[in-house]
Amino acid sequence: MESVLGRYRNLTILVGVLFLQVLGLAVQVKRSADEQSTRLIRVWAVDLITPFERGLVWGQSGGNNLWHNYFFLRGVRAENRQLKEQIEQMRLEQVRLSEDATQAHRLQSLLAFKEQFIAKTEPAQVIGSSGSDLSQSIYIDKGSNSGIAQDMAVITSGGIVGKVLRVYPSTSLVLMINDQSSGVGAMLEKSRLQGVVRGTPNGELILDRVMNDEQVAVGEPLLSSGGDQIFTKGLPVGTVSKVSAGKEMFLSIKVKPAADLSRLEEVLVVTEKQERAPVAESAGRGRAADILAQRLPSVPDKPATVPAVTPAGAGTGATGQGVGTGTGEKPQPNAAKIVTGIGTAGEVLKKVAQKPAAADSATNAGAGSGTGSSAASGVAPKPVSKASTNAASSATPNVSSNSSPKSANSAEKPITTQPKPSSPQSSLQPAAAEDNPH
Amino acid sequence: MPITYTSGEQIEVYRFSVPVTVGVPLLALFLQAFLPRRLPFFSIFDLPLLVTIFFAMARRNPISGLFTGAAIGLVQDMLGPYPIGIYGIAKTVVGYGASSLGAKLDVENAGARFLVTTGFYLVHAAVYFTVARGMVNLTLEWNWTRGILAGLANGVVGVGLYFLLDKFKQRT
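On a predicted model such as this, the values are computed, not experimentally measured, just so you know.

Reading the values: rules and limits
- Residues numbered from 1 in each chain as written.
- Chains lettered and ligands numbered in written order.
- Predicted model: local features only at pLDDT ≥ 70, side-chain atom pairs only at ≥ 80, totals over all residues.
- Helix = DSSP H or I, 4+ residues; strand = E, 2+ residues; numbered from the N terminus.
- Contact = placed C-beta atoms within 7 Å.
- Buried ≥ 20, exposed ≤ 12 C-beta atoms within 10 Å, placed from the backbone.
- Core = buried A, V, L, I, M, F, W, Y, C linked by C-beta atoms within 7 Å.
- Pairing = 2+ DSSP bridges.
- Axes fitted to C-alpha atoms, helices over the stretch in contact; angles between N-to-C directions.
- Expected span 1.5 Å × (residues − 1).
- Bend = angle between axes of the 7 residues up to and from the residue.
- Parallel < 35°, antiparallel > 145°, perpendicular 65-115°, else oblique.
- Left-handed = near helix turned anticlockwise from the far one by under 90°.
- Nonpolar A, V, L, I, M, F, W, Y, C, P; charged D, E, K, R; others polar.

A few words on the overall build of chain A. Secondary structure assignment for chain A yields eleven helices and 14 strands. Taking all contacts inside chain A whose residues are at least 6 apart in sequence as the whole, residues at least 24 apart take part in 69%.

Moving on, we come to the overall build of chain B. The helix and strand tally for chain B stands at six helices and two strands. In chain B, the order of α-helices and β-strands from amino to carboxyl end is β-α-α-α-α-α-α-β. Here chain B holds 172 residues, and 49% of them are scored as buried. Put simply, 71% of the contacts in chain B that link residues at least 6 apart link residues at least 24 apart.

What follows covers the nonpolar core. The biggest cluster of nonpolar side chains holds 53 residues, and the ones touching the most others in it are Val51, Ile53, Phe54, Ile86, Ala90, Ala98 and Tyr128 of chain B. When residues of this core are traced back to their parent elements, those giving at least two are helix H2 (9–30) and helix H3 (39–71) of chain A together with helix H1 (18–38), helix H2 (47–59), helix H3 (62–79), helix H4 (86–104), helix H5 (110–134) and helix H6 (144–165) of chain B. A total of ten residues in this core trace back to one element, the largest contributor, which is H2 of chain B. Other than its neighbours up to four places away in sequence, Val51 of chain B contacts Val24, Pro25, Ala28 and Ile72 of chain B. Counting residues in each nonpolar core, the second largest holds 48 residues, with Ala153, Leu235, Ala258 and Leu264 of chain A among its members.

Facing the 36 residues of chain B at the interface are 40 residues of chain A. For the side of chain B that touches chain A, the secondary-structure elements that each account for two or more residues are H1, H3 and H4 of chain B.

What follows deals with unusual backbone geometry. Residue and element names in this part refer to chain A. You will see that Arg192, though not glycine, has its phi angle at about 60°, which is positive. Here Arg192 shows up in the loop between strand E6 (183–188) and strand E7 (194–199). A residue is classified by how many C-beta atoms lie within 10 Å of it, and Arg192, with 9 of them, is exposed. A positive phi is found at Arg209, a non-glycine position, where the angle reads about 70°. Inspection of the secondary structure puts Arg209 in the loop between strand E8 (205–208) and strand E9 (221–224). Residue class for Arg209 comes out partly exposed when judged on the 18 C-beta atoms lying within 10 Å of it.

Bringing the sheet that holds strand E10 (residues 236–245) of chain A into the picture now. Residue and element names in this part refer to chain A. A barrel is described by the order of its strands in space; here six strands give the closed sequence E6-E7-E8-E11-E10-E9, paired in antiparallel fashion. For this sheet, the mean inter-axis angle between neighbouring strands, taken without regard to orientation, is 45°. Two strands pair when backbone bridges link them, and E6 and E9 are joined in this way by three bridges, in the antiparallel orientation. In the strand pairing of E9, Ala186 is matched with Ser224.

This brings us to the pairing of E6 of chain A. Residues and elements named next belong to chain A. Summarising burial for E6: five of the six residues are buried, a large majority. The pairing of E6 with E7 spans five bridges and is classified as antiparallel. Paired with Val184 across the two strands is Val197, which belongs to E7. Remark: five residues form the turn of the hairpin made by E6 and E7, two consecutive strands paired antiparallel; Arg192 in that turn has positive phi of roughly 60°.

So, about H1 of chain B. Residues and elements named next belong to chain B. In this model H1 runs 30 Å from its N-terminal to its C-terminal C-alpha over 21 residues, within 8% of the 30 Å that 1.5 Å per residue would give. In H1, a bend of some 25° at Gln32 exceeds every other bend along the element, and Pro36, a proline, comes one to four places later. By the burial criterion, the buried members of H1 are Val24, Pro25, Ala28, Leu29, Phe30, Gln32, Ala33, Phe34, Pro36 and Arg37.

Our next topic: the environment of Ile230 of chain A. Residues and elements named next belong to chain A. For Ile230, the position within the fold is in the loop between E9 and E10. A tally of 21 C-beta atoms within 10 Å means that Ile230 is categorised as buried. Considering only alpha carbons, one finds Ile230 and Lys163, 67 residues apart in sequence, at a separation of 7.6 Å.

Attention shifts here to the pairing of strand E5 (residues 172–176) of chain A. All names here are of chain A. In terms of residue burial, E5 counts as a mostly covered element, since five of its five residues are buried. Burial along E5 is two-sided: the face carrying Ser172, Val174 and Met176 and the face carrying Leu173 and Leu175 are both buried. Counting the residues that bridge the hairpin from strand E4 (residues 160–167) to E5 gives four residues.

Attention now goes to the packing of H3 of chain B against H4 of chain B. Residues and elements named next belong to chain B. Packing of H3 against H4 brings their axes to within 7 Å, and their N-to-C directions diverge by 155°. Judged by the inter-axis angle, H3 sits roughly antiparallel to H4. Crossing hand, H3 versus H4: right-handed. When H3 is examined against H4, the residues Pro62, Ser64, Gly65, Leu66, Thr68, Gly69, Ala70, Ile72, Gly73, Leu74, Gln76 and Asp77 are found in contact with a partner set consisting of Ile86, Tyr87, Gly88, Ala90, Lys91, Thr92, Val94, Gly95, Tyr96, Ala98, Ser99 and Ser100. A class-by-class count of the residues in the contact of H3 with H4 yields eleven nonpolar, eleven polar and two charged.

A few words on the packing of H2 of chain B against H4 of chain B. All names here are of chain B. At a minimum axis distance of 7 Å, the contact between H2 and H4 shows a crossing angle of 35°. At the point where H2 passes H4, the crossing takes the right-handed sense. Across from Leu49, Thr52, Ile53, Ala56, Met57 and Arg59 in H2, the residues of H4 making contact are Lys91, Val94, Gly95, Ala98, Ser99 and Gly102. The class makeup of the residues in the contact of H2 with H4 is six nonpolar, four polar and two charged.

Have a look at this one:
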């Protein structure tokens, strides 16, 4: 026996070393949830390699900063001008989006929805990778000393990157979403179809678990669904790049990641999430109708007197049906259709929406504009007082945009001469009802 | 063909200083972790594998070769997200094979080194693939085209690297 072992000494040692490694591997696979068994030796290896990476990255970024921030400033003024223009455009967009968000929050609060918000992030720099092209993971220069913990989401301004897999005192290992062992709950932005985004051995992204009979368009954005409890809902994941029939009952959908995963330099680690019910904004802050009125073109102030108007039924349905026409002193046969008095655009919209179907042809075009120009509903020409005109003009977009919300709300209550039941056919009804906070 | 069968007496066995023995593998591991983030094409190379083959062939001692491969492979595993031992097993086999081959063949010239490196790259990939699929249940897909191209690329880089590392050789 000894002679056999002596003769095949090298081979015996090889088998022994391999056996030990296979045994260790089997133990780890069996205890896959328990990372503590190999933590210590991983810390040693990471502490051996990452200080050099950190030093090199620090030197590299220092050199880059010196060059870009002190020497190479060509074209900065032009870029600054472009960025200012971009900010102006984004402000306009923000107004629209904030109103949409307010409305959505109002609805969510009605339904008692709870949302997760990103409350706090920690910026980190990418210092290296795992050193294997078969795994898609990166090392960042922040660890438990900076409040990083396992399973925290890692994102960039472009989209999601991955999750923190292992945490060391001053570094962390991040498993990227294109690694074959990762999975992210995702949904398509337009169709709201849900699936799981997985990585492939080649480092590509696929959307899994979408049935073959579903319609998925190339180029459709993909958002996180929040189902994985790591990424908050609504973060960009990527866009659909290719759709084909899969092997089984699911589609094969390739996804182009929203964040450039191969050129990551800085990332954000989501260190704190909050779950709270969205708070509906108070109506005084700004209502949809006010914003709508601000966006519409303004009309110059009208003279103190209102010219003759066309008889009822002959109205062209032009702008400003009954808005800002002053008070009718005598109710006329068709005066019930007139909305008199002053008020905010939303209130006026509501009044107009309450008109019967007969007047809808005129109101649909005119009332929404809220211009307060001329009456068109067969009211006998009446002199309009100066005060009335001025007050009426407060309903115009220009004036309401300049006046404070408080003053707009404190306008006199509109009066209808003969209240009529609201018309179910009026397309303005829902909007007007929504605008009225009462 | 430059690969020739040589008797044991004709083969020179080399050794390396401790700083080289420790520093070169560490440098290879560091570059392998650092460079692919800056130069994505670099991920096709496996510098720790090339270093394993070089030390194994130069020392011409199977036991030394397998332990060198095991050590380098295990450290590489420690840096990655998967269980420790996949690279360790693959590089142990390569270290043993390269040193056994080095003990029997003259692998000092560029052609032999290129062929040996390309061949062991494929052996390494095959062992890794088997262990990763069979034990760790990773869903790897074998790609012959990529494997051969990567093997050839590593062979070319290996030839250059070995001539560089030859400077650190010390005759026993």
